[in-house]
Amino acid sequence: MKIVTERLILRPWEDRDRAPMARIHGDPHVRRFYPRVLTPQEVNADIDLAIERARTNGFHFQAAELKEDGRLIGLIGTGFAPDVIRAAILSNPEVEIGWVIGKEFWGRGLAPEGARAWLDYAWSIGLPEVVAFTARLNLPSQRVMQKIGMTYDPDDDYRHPRIPEGHPLRPHVVYRIRNPSLRG
Ligand SMILES: CC(C)(COP(=O)(O)OP(=O)(O)OC[C@H]1O[C@@H](n2cnc3c(N)ncnc32)[C@H](O)[C@@H]1OP(=O)(O)O)[C@@H](O)C(=O)NCCC(=O)NCCS
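Since this is a predicted model, take the numbers as computed values, not measurements.

J.: Go over the pairing of strand β6 (residues 129–135) with me, naming the residues and quoting the values.
T.: Judged by how many residues are buried, β6 sits mostly within the fold: seven of seven residues are covered. In terms of strand pairing, β6 meets strand β9 (residues 171–178) through seven bridges, oriented antiparallel. Note that in β9 the partner of Thr134 across the bridge is Val173.

J.: Lay out the site of the ligand with the relevant residues and their values.
T.: The immediate surroundings of the ligand are formed by 20 residues, with Ile101, Gly107, Gly109, Arg143 and Lys147 found nearest. For the ligand, a nitrogen atom lies 2.8 Å from a polar atom in the backbone of Trp99. Look at the ligand: alone it shows 910 Å² of surface, and the protein chains cover 75% of it. Listing elements by their share of the shell around the ligand, those giving two or more residues are β5 (95–101), α4 (110–124), β6 and α5 (139–147). Among the elements that line the shell around the ligand, the one with the most residues is α5, at five residues. The residue makeup of the shell around the ligand, split by class, is 12 nonpolar, five polar and three charged.

Conventions and cut-offs
- Residues numbered from 1 in each chain as written.
- Predicted model: local features only at pLDDT ≥ 70, side-chain atom pairs only at ≥ 80, totals over all residues.
- Heavy atoms only, no water.
- Buried < 20%, exposed > 50% of the residue type's maximum accessible area, 1.4 Å probe, protein only.
- Helix = DSSP H or I, 4+ residues; strand = E, 2+ residues; numbered from the N terminus.
- Pairing = 2+ DSSP bridges.
- Near = heavy atom within 4 Å.
- Polar contact = N/O pair within 3.5 Å; in protein donor to acceptor, adjacent residues only side chain to side chain.
- Areas by Shrake-Rupley, 256 points an atom, 1.4 Å probe, with all protein chains shown as cover.
- Nonpolar A, V, L, I, M, F, W, Y, C, P; charged D, E, K, R; others polar.

All quantities given are derived from atomic positions and should not be read as evidence of function.
Given below as structure tokens:
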């Protein structure tokens, strides 16, 4: 599926995205709120999984490229949350939205721009709610959640099941937003 915004093209993964996405996920500064960087092999596997999920579910995290020059800025999208994460969260949320952007593109509001378009898509297919989760320490990502109208839900605070007890990135927070056409 292709979504075009003012400055971005949100589109299915292509093989040409694998090397730039590996550079983004291999950057320790981009990944400072994750326990570690990803190897190129892990990035390839993530892209393969995203392609498969999009085929079976109709949507998943996709590539985001700059309209002006076609450069890949990273990934943005909505997807069914992994079971292991859902099980750790009190409300057992179904669909998440997320983003990982290369650092040379930060600070221009590109993640919120792409994420807003993904929320519009989620509402257009009738999803009732979308959540986002991140490490409590990841304030930049929480700013994106706030900018797109999501609300922090303290009842859903959780400890990431794959991060060891005592690790500073283990405490996670959840933000949520309801489909506006289902309100009232
Ligand atoms: C979080 C992220 C997607 C934000 O993308 P973005 O396109 O820069 O979004 P914005 O321009 O709206 O900036 C959002 C916040 O990021 C922070 N930020 C922006 N530019 C930054 C920079 N150059 N250095 C550090 N932080 C920066 C600010 O806190 C900003 O909030 P503000 O606009 O109120 O000042 C991006 O920083 C990123 O990909 N980070 C690494 C991956 C990650 O943590 N993903 C989320 C996993 S849940």
